[in-house]
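# Tertiary structure, described
Below are the chains, spelled out letter by letter.
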Amino acid sequence: MTFEELGLRREVLKSLTELGFEAPTPIQEQAIPYLLGEDCDFVGLAQTGTGKTAAFGLPLINNIDTAARLPQGLIICPTRELCLQITKDLNVFAKYLDGNITAVYGGTDIRTQISNVKKGTSIVVATPGRLVDLINRKVVQLGQVKYVILDEADEMLNMGFKEDIDMILDQTPIDKNVWLFSATMPNEVARIARTYMTDPLEVSIGHKNQSNENIEHIYYTVKERDRYDAVKRLIDFNPTIYGLIFCRTKNETATVAMKLARDGYNAEPLHGDLTQAMRDRVMERFRSKELQILVATDVAARGLDINNITHVINYNLPDDIENYTHRSGRTARAGKTGQSLVLVNTREFVKIKAIERQMRMTFTQGQIPNPAEICEIQLKKLIDNTIATEVKEADIAPFMDQILDSFKDLTKEEVIKRFVSAEFNRFIEYYERAGDLNASASKEDRERPDRKNDRQSRAREEGKTRFFVNLGRRDGLNPGAMVRIICDATGLNSKALGRIDIMTSFSFIEADDEHTQKILKLVDGTEFEGHKVSIEVTAPGQGGGGRDRNDRGGDRKFSKGPGSKRGPGSFGGSRKPGFEKKGGFDKKRSGGADRGSDRGFGAKRSKY
Ligand code: AMP
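Everything quoted here is computed from the prediction, not taken from an experiment. (Residues numbered from 1 in each chain as written. Predicted model: local features only at pLDDT ≥ 70, side-chain atom pairs only at ≥ 80, totals over all residues. Heavy atoms only, no water.)

Moving on, we get to the overall build of the chain. On a plain count of helices and strands, the chain comes out with 24 helices and 22 strands. Here the chain holds 608 residues, and 54% of them are scored as buried. Element-wise, carbon and sulfur atoms account for 49% of the exposed surface of the chain, whose accessible area totals about 27500 Å². (Helix = DSSP H or I, 4+ residues; strand = E, 2+ residues; numbered from the N terminus. Buried < 20%, exposed > 50% of the residue type's maximum accessible area, 1.4 Å probe, protein only. Areas by Shrake-Rupley, 256 points an atom, 1.4 Å probe, with all protein chains shown as cover.)

This is the structure:
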């Protein structure tokens, strides 16, 4: 099937040819002919990397009057990065149609966006919060909208944008077409489909919630204390890795990235505590492959659209299985293959089983490579790099006599051995004392995963903790913002949260008991629109719901919760050896080794 056969107009086909898109991807093949027709609602269950932006972008560009002054197309997506990416893609698709496409997103000066919208625009690509703001300021008028596209709908709902989306959709004409794209189909997304769509065509690339077949999922069982060393071994075993390491919290992200950098790896963190400018810089460095490893929270990595990621490493599994789909979907994009590696401790086997059931896929059990295997791989890399090294004949010529004279008493074999050893000894010495990091899953976990899971989910439904937060309506807080504060800081999914009561000057929020310490530790001290957030568990009888007698306003002095001390973990130990990498990621030393245990390194002498 060709793009021409799908029925796109000449101007659009021309830009596709220039882009080098030869044939439609499966989601494009199914979506485009249908979306080119009139009056159609559509649900596409597809992850990023499947070509979904073009699946909705091409028919949208094709169908609207690109010279229109008021928006005919509205695309709503969860993050600034995705918003910019979609806008960029649409501009390329619309190159020969003079399309006027405007991006509106938060975290940046609103005035430029206001003037852009006022100049007249045929398509608005927006994040929900900023769009609501512009609608309230009567800058964006949605009365002429014919097509609304909700991209990554599950992510938007996870981020607490439910009310904003409802508000936006209420502003659009009743007879609009709604096209919804989502990687997964939780109940809240199904509700949106039911509420705003009539008889939509549902197209699923792979099974609902199913993972991309080009991804190999591997889990490794390690002792909790060996998690970090295990990650280092996985990196050392894959020297050409271009990888994304996912952590659950900002603190964990910062800590892991800091340790990796300290240990000589080319790694940096990406999380919500960084300023937007810092995040942009890190992402750009990663995108350009100047940075080899990005350590990120789920929230920060949203919208990161990079095609060649070879490995996703789950330092810890996400609390929500759907986030695993998003994480692993960062690799094996655009027809490539990739690996999603998961570290679990000896009691977390149930989580692997739960993901397998929900995503209808299977993990293979991996073994953390042993020191001999890693040394072999690193040695091969060293040899390959040496062979590929360009000799600058003219520069080395004046020294050659002296060099040859120095080595005249050594055989060729001895010279090779010494050169390799000069580079490699540090590595061997380091791994010499490192033992086996593989652990076995606890018997109980392996034998009774389902019962354990049931118990856990029952506990979650029953037990919620109620928190007091020092900010309220007058600080600009609303339920969506409250969810984002908690979820951004903790990496939790909005499902872990319960009832929210926003008062004039303070608020209450409920969350599953198990996350209490995490919430106290990570939310307390964060910032919301210039205010410092203070959160604590409500005292018995406090915050009983509805309007609260404590809402006197003004009183902002609340003691911090027990887990409110913030800051990175402690970093003991010295810098570990690494390799100078010759090609690709050569800005920093790449490759380090885990802290050696005092166990022996049996295979070393026989191998080298
Ligand atoms: P998306 O799922 O929209 O994020 O797209 C994933 C990547 O695939 C993007 O880099 C697109 O530019 C690329 N892509 C989308 N459709 C095609 C196609 N038909 N042929 C080649 N590349 C494509």
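Attention now moves to empty space enclosed by the protein. Applying the stated criterion across every chain, the model contains two cavities of 30 Å³ or more. For the largest cavity, the calculated volume is near 100 Å³. The residue makeup of the lining of the largest cavity includes at least three contributed by each of domain 1 (4–200 + 584–605) and domain 2 (215–370). Within this model, the second largest cavity holds a volume of roughly 50 Å³. Within the residue set of the lining of the second largest cavity, elements represented by two or more residues are α14 (298–301) and α15 (321–328). Among the elements that take part in the lining of the second largest cavity, α15 stands out by supplying three residues, more than any other. Partitioning the lining of the second largest cavity into residue classes produces two nonpolar, two polar and five charged. (1 Å grid on protein atoms, 1.4 Å probe; cavity = no way out; pocket = protein on both sides within 12 Å on 5 of 7 lines; lining within 4 Å. Points joined across faces, edges and corners; volume = space filled by probe spheres on them. Domains from an automatic or database assignment. Nonpolar A, V, L, I, M, F, W, Y, C, P; charged D, E, K, R; others polar.)

Here we take up helix α13 (residues 276–287). A rise of 1.5 Å per residue sets the reference length of α13, with its twelve residues, at 16 Å; its end C-alpha atoms lie 16 Å apart and thus fit the reference within 8%. Buried within α13 are the following residues: Gln-276, Val-282, Met-283 and Phe-286. Down the axis, α13 shows its buried residues gathered within 125° of arc, on one side only. At its buried positions, α13 is contacted by α5 (80–93), β9 (243–247), β10 (267–270), β11 (293–297) and α14. Backbone geometry just after α13 places Lys-289 at a positive phi near 65°. (Expected span 1.5 Å × (residues − 1). Arc of directions from axis to C-beta. Contact = heavy atoms within 4.5 Å.)

In this section: the sheet that holds strand β12 (residues 311–314). Reading across from one edge, β10-β11-β9-β12-β13-β8-β14 is the order of the seven strands in this open sheet, with parallel pairing throughout. Lying at the two open borders of the sheet, with one neighbouring strand each, are β10 and β14 (364–365). Where strand β8 (residues 215–221) meets β14, two bridges bridge the pair, whose relative direction is parallel. If you follow Ile-218 over to β14, its bridge partner there is Thr-364. Set on the sheet, α15 makes contact with β8, β9, β12 and β13 (338–344); between it and β12 the angle comes to about 150°. (Pairing = 2+ DSSP bridges. Axes fitted to C-alpha atoms, helices over the stretch in contact; angles between N-to-C directions.)

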